[in-house]
Amino acid sequence: MVLEILIYIVAVVMSLAGLILTVLSIPGVWLIYLSTILVAMVDNFSTITPRILLILFSLSLLSTFVDNIVNLLGVKAMGGGIWGMIGAILGGLIGLVVGNIFGVILGPLLGAFLFEYSFGKKNFKESIKVGIGSFVGMILTILLKSVVNVGMILFVLTKLLSN
């Protein structure tokens, strides 16, 4: 009984950490998914069945895939090319390594701008527009992933509380 309660507490902490990571544009959906596996194991997979886990895994995978696509579409929608997309990805990775919220948020914007300006041979104004497109795409993905993550958490809570 005590071990089960501890596992539920760990699952809650993991889910909350997943939500926080999502807001920081880091794939927190996987922490939420892992917390769901923990909860399913405590319950011997009777409430959260392997089928539900497979569906939630697919949703997590789709969320991660869509995250990358929407960011790139943001660059493309604002006139960016392959250089802007590469810059947004590298800027995001470098921003993550820098390790603060400003790096994660500004990295893709600056990366898309700098790569379009330097390698894509776009003028300053066009390059800024591409950087803004990357930023808007990132904000949209954070909102989308947050909705998916909260939905997953609410679904699992509803299943557990209805049992």
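It should be noted that the structure appears before, not after, this text.
Every residue gets a number counted from 1 within its own chain, in the order that chain's sequence is written. Whole-chain, interface and lining totals are the exception, using all residues; otherwise, since this is a predicted model, local features are given only for residues with pLDDT of at least 70 and side-chain atom pairs are given and counted only at 80 or more. Hydrogen atoms and water are omitted, and side-chain values are computed over all heavy atoms in the structure.

Draft legend 1. Molecular detail of the overall build of the protein chain. Assigned secondary structure in the protein chain consists of six helices and zero strands. Secondary structure counts use DSSP, requiring at least four H or I residues in a row for a helix and at least two E residues in a row for a strand, with both numbered from the N terminus. Counting from the amino terminus, the protein chain carries its helices and strands in the arrangement α-α-α-α-α-α. With the C-alpha coordinates aligned to their principal axes, the bounding extent of the protein chain is approximately 65 × 25 × 15 Å. With a 1.4 Å probe rolled over the protein chains alone, any residue whose accessible area is under 20% of its type maximum counts as buried; one over 50% counts as exposed, and the rest are partly exposed. Burial status across the protein chain gives 37% buried among its 163 residues. Here the contacts in the protein chain between residues at least 6 apart in sequence split such that 66% fall between residues at least 24 apart. The convention is simple: Lys and Arg are positive, Asp and Glu are negative, and His and the chain ends are not counted. To locate a charge, take NZ of a lysine, CZ of an arginine, CG of an aspartate or CD of a glutamate. Looking at charge distribution, the protein chain has the averaged site of its 8 positive side-chain charges lying 13 Å from that of its 5 negative ones. Contact criterion: two residues are considered in contact whenever any of their non-hydrogen atoms come within 4.5 Å of each other.

Draft legend 2. Quick look at the environment of Val 66. In this structure, Val 66 sits in helix H3 (residues 50-77). Residue class for Val 66 comes out partly exposed when judged on its relative accessible area of 23%. In the structure, Val 66 is positioned 78 residues away from Leu 144 in sequence and 9.0 Å away in space, judged by C-alpha atoms. Once residues lying within four places of it in the same chain are set aside, the contact partners of Val 66 are Thr 141 and Leu 144.

Draft legend 3. Structural detail: a nonpolar patch on the surface. For patches, a residue must show more than 30% relative accessible area and have no salt bridge; joins then use 9 Å for like charges and 5 Å for nonpolar side chains, namely Val, Leu, Ile, Met, Phe, Trp and Tyr. Only the protein chains shown count as covering a residue, and every accessible area follows the Shrake-Rupley method with a 1.4 Å probe. Any carboxyl oxygen of Asp or Glu that lies within 4 Å of a side-chain nitrogen of Lys or Arg is treated as forming a salt bridge with it. A cluster of nonpolar residues, Ile 82, Trp 83, Ile 86, Ile 89, Leu 90, Leu 93, Ile 94, Val 98 and Phe 119, forms a patch on the protein surface that exposes about 840 Å² of accessible area. With respect to the secondary-structure elements, Ile 82 resides in helix H4 (residues 82-98).

Draft legend 4. Structural view of the packing of aromatic side chains. Aromatic rings from Phe, Tyr and Trp, taking only the six-membered ring of Trp, are treated as a pair when their centres fall within 6.5 Å; an angle between ring planes under 30 degrees marks them as stacked, one over 60 as edge-to-face, and anything in between as tilted. Counting across every chain of the model gives nine aromatic pairs. For the pair Trp 83 and Phe 119, a centre-to-centre distance of 5.0 Å together with 35° between the ring planes defines the contact as tilted. Taken as a pair, Trp 83 in helix H4 and Phe 119 in the loop between helix H5 (101-118) and helix H6 (124-162) lie far apart in primary sequence, 36 residues in all. An aromatic cluster is built from Trp 30, Tyr 33 and Phe 57, whose rings are joined through pairwise contacts.

Draft legend 5. The arrangement of the packing of helix H1 (residues 2-23) against helix H2 (residues 29-42) in detail. Between the N-to-C directions of two axes lies an angle of 0 to 180 degrees, each axis being a line fitted to C-alpha atoms and, for a helix, fitted only over the stretch in contact. Contact geometry of H1 with H2 gives a least axis separation of 7 Å together with a crossing angle of 165°. As judged from the angle between their axes, H1 and H2 are roughly antiparallel. Between H1 and H2 the crossing geometry is left-handed. Seen from H1, the contacting residues are Glu 4, Ile 7, Tyr 8, Val 10, Ala 11, Met 14, Ser 15, Ala 17, Gly 18, Leu 19, Leu 21 and Thr 22; seen from H2, they are Val 29, Leu 31, Ile 32, Leu 34, Ser 35, Leu 38, Val 39 and Val 42. Lys, Arg, Asp and Glu make up the charged group, whereas Ala, Val, Leu, Ile, Met, Phe, Trp, Tyr, Cys and Pro make up the nonpolar group; the residues left over, Gly among them, are polar. Residues belonging to the contact of H1 with H2 are distributed by class as follows: 15 nonpolar, four polar and one charged. Reported orientations rely on four angle classes, namely roughly parallel under 35 degrees, roughly antiparallel over 145, roughly perpendicular from 65 to 115, and oblique for the rest. Crossing chirality is assigned from the near helix's rotation relative to the far helix, an anticlockwise turn below a right angle marking it left-handed and a clockwise turn marking it right-handed.

Draft legend 6. Broad picture of H6. Over its 39 residues, H6 runs 57 Å from end to end, which matches the ideal 57 Å to within 8%, given 1.5 Å per residue. Its side-chain oxygen at 3.1 Å from the backbone nitrogen of Lys 125, Asn 123 defines the N-terminal cap of H6. Here, expected helix span is obtained from the residue count minus one, scaled by 1.5 Å. Definition of a polar contact: a pair of N or O atoms within 3.5 Å, with one able to donate and the other able to accept a hydrogen when the atoms are protein atoms, and with sequence-neighbouring residues admitted only if both atoms are side-chain atoms.

Draft legend 7. Geometry of the nonpolar core. As used here, the term nonpolar core means buried Ala, Val, Leu, Ile, Met, Phe, Trp, Tyr and Cys residues forming a set that is joined through side-chain atoms within 4.5 Å. Core analysis: the largest hydrophobic core is formed by 12 residues, namely Val 29, Ile 32, Tyr 33, Ala 40, Ile 48, Ile 52, Leu 53, Leu 56, Val 148, Met 152, Ile 153 and Val 156. Elements with a minimum of two residues in this core: H2, H3 and H6. Every residue in contact with Ile 153, bar those within four places of it in the chain, is listed here: Ser 15, Leu 19 and Ile 32. Counting five residues, the second largest nonpolar core, distinct from the first, contains Val 75, Met 85, Ala 88 and Ala 112.

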